[in-house]
There are 2 protein chains.
Amino acid sequence: MTATRPRQLHLNINALHSGFVPSAWRLPESAPDAFIDVHHYVRLARIAEAGKLDAIFLADNAAIVDQIDFRPITALEPTVLLTAVAAATTHLGVIGTASTSYNEPYNIARRFASLDLVSGGRAGWNVVTTADLPSARNFGLEAVPDHAQRYRRADEFTQLVKDLWDSWEDDAFIGDKATGRFVDLAKVHPVRHRGEFFSVQGPLNLPRSPQGRPVLVQAGASADGRELAARHAEAVFSASQSFEESLDYARGLKQRAEALGRGPDAVKVLAGLTTIVGSTEAEARRRRDQLVDLIPWNYSLTRLAGTLGVPVDRLKLDERLPEDLALPGGGNGNHTFFHATLAHARRGQFTVRQLIRELAGGGGHRVIVGTPEQIADDIEHWFKAGAADGFNLMPDQLPGGLQDFVDGVVPILQRRGIFRTAYEGRTLREHLGLARPAGREATRRAA
Amino acid sequence: MTATRPRQLHLNINALHSGFVPSAWRLPESAPDAFIDVHHYVRLARIAEAGKLDAIFLADNAAIVDQIDFRPITALEPTVLLTAVAAATTHLGVIGTASTSYNEPYNIARRFASLDLVSGGRAGWNVVTTADLPSARNFGLEAVPDHAQRYRRADEFTQLVKDLWDSWEDDAFIGDKATGRFVDLAKVHPVRHRGEFFSVQGPLNLPRSPQGRPVLVQAGASADGRELAARHAEAVFSASQSFEESLDYARGLKQRAEALGRGPDAVKVLAGLTTIVGSTEAEARRRRDQLVDLIPWNYSLTRLAGTLGVPVDRLKLDERLPEDLALPGGGNGNHTFFHATLAHARRGQFTVRQLIRELAGGGGHRVIVGTPEQIADDIEHWFKAGAADGFNLMPDQLPGGLQDFVDGVVPILQRRGIFRTAYEGRTLREHLGLARPAGREATRRAA
C-alpha cells in the first residue's frame, strides 16, 4: 500500500461447494454434485475474477466432519482443485487449506511452492491445526492432540516451511547453456532443522517461487491461535459476530504482530461474512427463510450441539441455550465457532430456533441479509473503522450468491473508492498489498 | 481387450523436464527453465495427446537426488502439475509418482481420487518406496529404512489406499433435492484399518472416483518390488536393457499375478525406452554424441558411481567396471538401475567411457539410437514377442524428441495395426484395457 493511494478493501470468495447454507444444494438453481465438480469451482473463480476479488479460498478437512446424509462437504483436495482454477484464470489468488497436524512440512512446502510456480505467483496456504476427532482417527491417533501441542507443532511446521521456501536464493538458478552451469550451489542452503516435532535437512527441491513465499493465511480465536497468527500470518480469516469483537480482534492481532517486529500492514484481517442478497430486505429475508426451512431441524440441532459441546437433547428449539456451556473437547475444540456462536446467542437472547435461523443454519459466521446497498454499507463501516481489512465471503448459495455479490455489491464498493476496478498486480501479494519477503540469506547478509 | 481386436500397444511419455539426457537443457532448442514451467508440461501433454499416447508419466523425488549444478531435476509436485495438464487435455492419462515412505495413506488416497475426479477418470498413481538418503533426511530419518520394511509399508499403504478408494459404494451419492437426502450412509463404509504401520478409520471424504480406483502403477526389480507389483500394480514401469531380460521379467510378473488370483491381462508391462531419433542412423548417432559430449565427465562418473555403489575414484574412463560390485546401500539401494546398468556393461564389455556413451549419460534405461523405422521395428519386436505390453518413452530431449517420435514413429506403428489411431475411451483404464474394479462391498456381496 503506497501513501498516495487510499487504503483498499480485500475480498476473497470462500468457495464452499454449493454455498454456505447447508440446504443450498436443494435450491432449483443448484447442482447437487457441485462439491465434486471442478467446473463448478472454475465457474466460481471466473465470476470472482470478473469482480476483481483478491482470491478464491478453499477450506479443507481430512475426514467427514459433517452430516453428509444431509449436505455436501469439502471433498476435493485444495491444491489439486486450485491448480485447475489457476489454469482457468489469470489474476485471481488461490488460497488452499492444509493441516499442520496431518502432513509433513517438506511435502506442504513443495506443494504450495509448486502451486505458486504453476499459478505465476498467486498461491496462499491457510494453516490449520485440525481439531476434530474423525481426522485424528484417519492418521493413526485415537484422540485429538491437545490444543497447546497442536499449536506448538503448527508454529514449528510453519517456520520450517518458510525456511524451506527460502532455501534457494532468488538467483540460485542459472541455466547457462554455454558454461553448463545449471544451479549455483553456493546459493542453495540446507535448512538443517532439528526441532520438537520435525527433523528436516533440506533444501527444497525446487527454486524459490514467484512470490518468494506463498501468502500465509491463518484463522484461530484462541490465545495460541492468535499468537501463531501474529508470528506468521499475512492474512487472517476471522469469525466475529459483532463489530466490537472484530475491532478488538483486529487491533489486538496487529499490536501483537508489531510487538514481534512485523510492520503495521504485515497482517490483513479478513472477516468471515455470509451474504444473502435480495432486491429488497424483505426479499432477502424470504430467501433466508426459504433456505433455513429446507434444512432438517435435526441436522441443525446436531450441528449446533457439536459446536457448543453439549448432547443434542440439551438443546430445546423454543428455549434459550443452556447456561453452563464450556468449550467442547475439554477445551480442545474449535474456539472460533464456539465463542462466536455463544456470544451471538447471548447478545440476541435468541431461542435455539431463532439462533439457527439467525445463523442461516450455519456454523458461527456472521450473516447479513439485505440489499446490495445495505451489504455495501456494512462492509464499508467495518472496513473504514478498522474492524476488518476485508472479508472472506461465504454467499448463501453458489454460484448465484457470488454472482449477485459481484453484480450488486462490488460496483457500489468501487464507486465509493474502496475497492479496485482493475487488478494492478499479478500476484496475490500484490493484490493484498504485502511485500515480497526477502530470503533468509538476503536477510542474514543485510543484518 | 476384446477377443476380436488385436492386442494393442501402450505408450506413455515420461515427461522428464528437458529430456532424458542430462545435457538436453543445453541444446539450442531447449528452455533451461522447462523443469519449473507448467507450460512446458502442457505442451508435452498436447503433443502426446495428438499422438494418441496412453498417458503422461511424472517421476518424483522428495529431495535433491542429483547434481543440480549440472542438470535439471524433478521439481514441481506431480499431482499439482498433472492437474494443470489435465485441464489442457481431454483424453490423455495422467500418472504421478508419490512415495509410500514419506506420505500418509489418507492424504494420497484423497489426492489421487481428487485428480481422478478433476480429470474425468484419467489418473494413475505410481507407487514408489524411495531408496535415497536425502529424502529420508527430509522426513525425520537419519538413514533409509531397510528394503524389506519399506516394501512391507508399501504393501500395507497400497492396500489401504485401495480400500479407501472403495469406501464409498458407486451409488452412495444421491443428491435428491426433493427428499433432502444427500448421501446414503448405508453405502459409505469405514475401513477400520489397524496394521503394522497405519491406523486409519475412514471412510474417505469424497465419493468413489470415475475409474473406481485410479490406475496403480509401480516399478521395481527386486524380489520385494516384483511381489508388490504382482499384488497391486496394473501397469509396471520396467527397466531392462535386453529383450531376454524383459521377456523373463514380463512372464514372471504375469505368472505371479495370476498365481495371486488376478487375470492374465491385469498387469501391463511398460518398458522404459529412451529414443534418439535421426533421419538416418548416422544422424541419430551424431545427435547422441553431441548430447553426451555436452555432459561433464565428472558428472557422469559421479552418477554412475552412485548407481553402482562405488567411490568415484574406482571408475576409470578407459577401463571396464570393477569386478566386485555390490548393490549400494548395503543391499538397500535402487535394484532396478544397478542391475540394468551392470548387465549392460558386462554384456557389451564396455569401458566406463563407452558405457556412459551407450547409456547416453543416463541412469540405466535402454537407449535406441536410430531412424523412426528402426525404432518402430524394435518396439514391434518387443511388443509382439511379449517382452513388453508397451513403453514408457523417455526421449533424449523435450519437447523435440517427443515431437519426433509422434511424427515419425507413431504413424509407422499405426500403419502396422498395433497402435490406436483414435482414442476409443475416455479413461486411462479404457486406454490400457483395464477393467473398472468393482468396489469392496460389491465384491463382498457377490462372494
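The name an unreviewed UniProt entry assigns to chain A is FMN-dependent oxidoreductase (Nitrilotriacetate monooxygenase family), from the organism Pseudacidovorax intermedius. Turning to chain A, the UniProt record has this under Sequence similarities (unreviewed entry): "Belongs to the NtaA/SnaA/DszA monooxygenase family."

Asker: Which residues make up the overall build of chain A, and what are the values?
Answerer: Helix and strand counts for chain A stand at 15 helices and 13 strands. What you see for chain A is a C-alpha radius of gyration of 22 Å, in line with the 22 Å of a compact globule of 447 residues. In terms of overall dimensions, chain A has C-alpha extents of about 75 × 50 × 40 Å along its principal axes. With 52 positive and 53 negative side-chain charges, chain A shows a separation of 3 Å between the mean positions of the two kinds.

Asker: Quick rundown of the UniProt feature "binding site: FMN" (unreviewed entry) in chain A? Include the residues and the values.
Answerer: All names here are of chain A. Those places that UniProt annotates as "binding site: FMN" (unreviewed entry) correspond, in this numbering, to Asp 60, Thr 97, His 147, Tyr 151 and Ser 222. Summarising the element assignment, His 147 is placed in helix H5 (residues 147–165). By secondary structure assignment, the location of Tyr 151 is in helix H5. Those residues within four positions of Tyr 151 in sequence are excluded, and the remaining contacts are Thr 129, Gln 218, Ala 219, Ser 222, Asp 224, Gly 225 and Leu 228.

Asker: So what's going on with the pairing of strand S10 (residues 235–238) of chain B? Which residues, and what values?
Answerer: Residue and element names in this part refer to chain B. What you see with S10 is no split at all: Ala 235 and Phe 237 on one side and Val 236 and Ser 238 on the other are buried throughout. In the sheet, strand S9 (residues 215–218) pairs with S10 via two bridges, with the strands oriented parallel. Following the sheet pairing, Gln 218 is matched in S10 by Val 236. Crossover connection from S9 via helix H6 (residues 223–232) to parallel S10: handedness right-handed.

Asker: How would you explain the packing of aromatic side chains if you had to name every residue and give the values?
Answerer: In the structure shown here, the tally under the stated rule is 30 aromatic pairs over all chains. Relative to B:Phe173, the ring of A:Phe35 lies with its centre 5.4 Å away and its plane at 55°, an arrangement referred to as tilted. Note that A:Phe35 is positioned in the loop between strand S1 (10–14) and helix H1 (38–50) and B:Phe173 in strand S5 (residues 173–176), a pairing that runs across two chains. With a centroid separation of 6.0 Å and an interplanar angle of 80°, the aromatic rings of A:Phe243 and A:Trp382 are classed as edge-to-face.

Asker: Just give me the short version of the interface of chain B and chain A, but keep the residues and values in it.
Answerer: The interface of chain B with chain A comprises 70 residues on the first partner and 70 residues on the second. In total, about 5700 Å² of surface goes out of reach between chain B and chain A, with carbon and sulfur atoms giving 63% of it. Sorting the residues of chain B by area buried against chain A places B:Val80, B:Lys177 and B:Phe182 first, and these three jointly supply 13% of that buried surface. Connecting chain B to chain A are four salt bridges. For B:Arg194, the salt bridge identified is with A:Glu142, shortest N-O distance 3.7 Å.

Asker: I'd love a proper account of the relation of the copies chain B and chain A, names of residues and values included.
Answerer: For the pair chain B and chain A, the relating rotation is 180°, the translation along its axis is 0.0 Å, and the fit reaches an RMSD of 0.0 Å. Viewed as a symmetry operation, the transformation between the two copies matches a two-fold axis.

Asker: Can you explain helix H10 (residues 335–348) of chain B? Please cite residues and give values.
Answerer: Residue and element names in this part refer to chain B. Between the first and last C-alpha of H10 there are 20 Å, a value that for 14 residues agrees with the 20 Å anticipated at 1.5 Å per step. Listed in full, the buried residues belonging to H10 are His 335, Thr 336, Phe 338, Ala 340, Thr 341, Leu 342, His 344 and Ala 345. Check the buried side of H10 and you find it contacts helix H5 (147–165), helix H9 (297–308) and helix H11 (352–358). Gln 349 lies just past H10 and shows a positive phi near 50°.

Asker: How would you explain the nonpolar core if you had to name every residue and give the values?
Answerer: Judged by nonpolar contacts, the single largest core of 182 residues is most densely connected at A:Leu53 and B:Leu53. In contact with A:Leu53, not counting residues within four places along its chain, are A:Leu11, A:Asn12, A:Ile13, A:Ala48, A:Leu92, A:Leu393, A:Leu402, A:Val406, A:Val410, A:Phe419, A:Arg420 and A:Tyr423.

Asker: Go over the pairing of strand S3 (residues 93–99) of chain B with me, naming the residues and quoting the values.
Answerer: Residues and elements named next belong to chain B. Of all seven residues in S3, seven are buried, a share of seventy percent or more. Burial along S3 is two-sided: Gly 93, Ile 95, Thr 97 and Ser 99 facing one way and Val 94, Gly 96 and Ala 98 facing the other are all buried. Note: strand S2 (residues 55–58) against S3, four bridges, orientation parallel. Following the sheet pairing, Leu 58 is matched in S3 by Gly 96. Bridging between S3 and strand S4 (residues 123–128) involves six bridges; their strand directions are parallel. Within S4, the position partnered with Thr 97 by the bridge is Asn 126. For the segment spanning S3, helix H3 (residues 105–118) and S4, crossover handedness is right-handed.

Asker: Explain the packing of helix H9 (residues 297–308) of chain A against helix H10 (residues 335–348) of chain A residue by residue, including any values.
Answerer: Residue and element names in this part refer to chain A. Between H9 and H10, whose axes approach to 8 Å, the crossing angle comes to 110°. Relative to H10, the element H9 lies roughly perpendicular. Across from Leu 304, Thr 307 and Leu 308 in H9, the residues of H10 making contact are Phe 337, Phe 338 and Thr 341. The class makeup of the residues in the contact of H9 with H10 is four nonpolar, two polar and no charged.

Conventions adopted
Along every chain, residues carry numbers that run from 1 in the direction the sequence is written. Labels follow written order: the first chain is A, the first ligand is 1, and so on. Whole-chain, interface and lining totals are the exception, using all residues; otherwise, since this is a predicted model, local features are given only for residues with pLDDT of at least 70 and side-chain atom pairs are given and counted only at 80 or more. Each side-chain value is worked out from all heavy atoms of the structure, with water and hydrogens disregarded. UniProt positions are given in the numbering used here, feature names are shortened, and annotations may be inferred rather than shown by experiment. Labels follow the DSSP assignment, with helices taken as runs of H or I lasting at least four residues and strands as runs of E lasting at least two, numbered in each case from the N terminus. Each radius of gyration is computed over the set of C-alpha atoms, and the globule rule expresses the reference value as 2.2 Å times the number of residues to the power 0.38. Positive: Lys, Arg. Negative: Asp, Glu. His and the chain ends are not part of the count. To locate a charge, the coordinates of NZ of Lys, CZ of Arg, CG of Asp or CD of Glu are taken. We call two residues in contact when some of their heavy atoms are within 4.5 Å. Buried means the residue's accessible area, taken with a 1.4 Å probe over protein chains only, is under 20% of the maximum for its type, while exposed means over 50%, and partly exposed covers the values in between. Pairing between strands is defined by DSSP: at least two bridges between them are needed. Clockwise travel from the first strand over the helix to the second, with the strands pointing away from the viewer, marks a crossover as right-handed. When two rings of Phe, Tyr or Trp (its six-membered ring) have centres within 6.5 Å they constitute a pair, described as stacked for plane angles under 30 degrees, edge-to-face for angles over 60, and tilted for the intermediate range. Buried area: the accessible surface (1.4 Å probe) lost by two parts on joining, summed over both. One side-chain nitrogen of Lys or Arg within 4 Å of one carboxyl oxygen of Asp or Glu is enough to make a salt bridge. Residues reaching a pLDDT of at least 70 in both copies supply the C-alpha atoms on which the copies are superposed by least squares. Expected span of a helix, by definition, is 1.5 Å for each gap between consecutive residues, and there is one gap fewer than residues. What we call a nonpolar core is a set of buried Ala, Val, Leu, Ile, Met, Phe, Trp, Tyr and Cys residues that are connected through their side-chain atoms within 4.5 Å. With axes taken as lines fitted to C-alpha atoms, and helix axes fitted only over the stretch in contact, angles between N-to-C directions fall between 0 and 180 degrees. Relative orientations are named as follows: roughly parallel for angles under 35 degrees, roughly antiparallel for angles over 145 degrees, roughly perpendicular for angles from 65 to 115 degrees, and oblique for any other angle. Gly is placed with the polar residues, together with every amino acid not listed as nonpolar (Ala, Val, Leu, Ile, Met, Phe, Trp, Tyr, Cys and Pro) or charged (Asp, Glu, Lys and Arg).

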